[in-house]
Amino acid sequence: MNMSYRKNYKTYYNLAFSKGTPTAFVVETPFQLLCAIEAINEFQIEHYLVVVPYFENSFRWSQLESMLKELNLRHKAIQITENSHNDLFKQTGVFAENIIEKFPRIMTGGYYSLIGRALCTLYAANDSVCVYLDDGTATIAILNGLETFLEYDKPRYWSDRKKWYRESYKPYMDVASRISHCWKEVGLNDYNFLFTIYSQRKNNKFVIYSNTFAHFRNTLQHSSINNTIWVLGAVSSSISSTLQIAEQVFEGVIWSKLAILRKKYPKHEILFIPHVDDRNVNVQHFCEILGIRYERLPYCVEYYAYYKQQVPEILCGFGSTALSTFRIIFPKMNIVDWVISRKGINMRVSSMVSATFNQMGIEIQCTQIEGIPLMNRLKRWIKSLFRLILK
């Protein structure tokens, strides 16, 4: 490390984690907003602006909007009209705007997001600094060396990689390169500063400031822990695609997990909270049969607990970021991560998440799909379903 770099690093480190520095937050998910709220309290930020790019009619945006209004946060919402990375600057529709307000510090959850990174350039003052906020599973992947989100879907066989490189990776990297050039032009400095709950995952590339969720923990520590179990859903289509199985097979796994919970805890109220991006309709029917409450929340689950001042006795999920958040806020809570795997399938990211959760003290329960023919699986689960109905 040369002297000039070391001097600049120290200057920007002090700016990145200083108290009271005016800050623009660029957030795209409810969890990123939760981290922004924690940063506002941790760094005692009075002058800030929360910038939220969103897609119309998105349930994710609905949750963000509810939280922004409930907390009365100063914000600017920017509607994204298309989803084309190749024409990013036109599709955001904001780059022609005259942004008057500039900030010496930018905090964003969009390490992988081209839209988020592009928006950072609009609000960055000359000689400003960027700090990355948590983005859940993506942050775990980043700390384990995945440079782009496209590496999640990198084809296993070389014969398939040419198309992937041509149609996905190269266009993404071309736009990412243009945005990096813009960061340099506007004077936005990136030293990979990270405000994260995953501080136990050491990575020499990142400078980590631990997010202990002190604000939410102090607020929720006196919350009542009632006789309930919360189950956090997953994006069924995404998990099925990763495991290369029919979505009905994953539905069968969900049915099995819920049925076991209901049998083991007959007197507990069980609440199933679907993932914000999941559109599966069959799980709701399973819940009706099993006497489980199914509810789409108006907020992310962490803020729902904060708003209600109630937390469950047991929290279960399929690799949900919220499992780790609740572990930070409630170190003694019974939290279970259900891991689904299949022989011969690359589960690199899932393994990263499981290892991190295990390090945090979250119980890991693994279910391996052995490759039983699909029709046999469906017949077995249908029989199980009818037996329960007939009772």
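For the structure itself, consult the block above.
Cut-offs applied
- Residues numbered from 1 in each chain as written.
- Predicted model: local features only at pLDDT ≥ 70, side-chain atom pairs only at ≥ 80, totals over all residues.
- Heavy atoms only, no water.
- Buried < 20%, exposed > 50% of the residue type's maximum accessible area, 1.4 Å probe, protein only.
- Helix = DSSP H or I, 4+ residues; strand = E, 2+ residues; numbered from the N terminus.
- Pairing = 2+ DSSP bridges.
- Right-handed = clockwise from strand over helix to strand, strands pointing away.
- Axes fitted to C-alpha atoms, helices over the stretch in contact; angles between N-to-C directions.
- Parallel < 35°, antiparallel > 145°, perpendicular 65-115°, else oblique.
- Contact = heavy atoms within 4.5 Å.
- Nonpolar A, V, L, I, M, F, W, Y, C, P; charged D, E, K, R; others polar.

A.B. asks: Can you explain the pairing of strand S5 (residues 124–133)? Please cite residues and give values.
C.D. replies: Note on strand geometry: in a regular strand, side chains alternate between the two faces of the sheet. Taking burial as the measure, the ten residues of S5 include eight buried ones, the bulk of the element. Relative to S5, strand S4 (residues 103–108) runs parallel, the two being bridged by five bridges. Bridge assignment links Thr-108 to a residue of S5, and that residue is Tyr-132. Crossover connection from S4 via helix H5 (residues 114–123) to parallel S5: handedness right-handed.

A.B. asks: Could you give an account of the packing of helix H12 (residues 301–308) against helix H13 (residues 321–329), with specific residues and numbers?
C.D. replies: Between two packed helices, both the angle of their axes relative to each other and the distance between the axes serve to describe the pair. For the pair H12 and H13, the least separation of the axes is 9 Å and the interaxial angle reads 45 degrees. In terms of orientation, H12 and H13 fall into the oblique class. The segment H12 lies against H13, with Val-301, Glu-302 and Ala-305 engaging Ala-322, Thr-325 and Phe-326. For the contact of H12 with H13, the residue count by class is four nonpolar, one polar and one charged.

A.B. asks: Describe in detail the sheet that holds strand S9 (residues 269–273), supporting the description with residues and values.
C.D. replies: Ordered in space as S10-S9-S8-S11-S12-S13, the six strands form an open sheet in which the pairing is parallel. Of all strands in the sheet, those with a lone pairing partner are strand S10 (293–294) and strand S13 (363–369), marking the two edges. Direction of pairing for strand S12 (residues 334–342) relative to S13: parallel, over a ladder of seven bridges. Residue pairing for S13: Val-339 is matched across the bridge by Cys-366. Along the sheet, H12 makes contact with strand S8 (224–232), S9 and strand S11 (310–317), crossing S8 at roughly 160 degrees.

A.B. asks: Any details on the sheet that holds strand S1 (residues 23–26)? Residues and values, ideally.
C.D. replies: Spatially, seven strands are ordered S3-S2-S1-S4-S5-S6-S7 in an open sheet, and the strand pairing comes out parallel. Both edges of this open sheet fall to strand S3 (75–80) and strand S7 (207–210), since each of them pairs with a single strand only. For this sheet the average axis-to-axis angle between neighbouring strands, irrespective of direction, equals 25 degrees. Of the strand pairs in this sheet, S1 and S4 are connected by four bridges, and their pairing is parallel. Bridge pairing in S4 links Val-26 to Thr-108.

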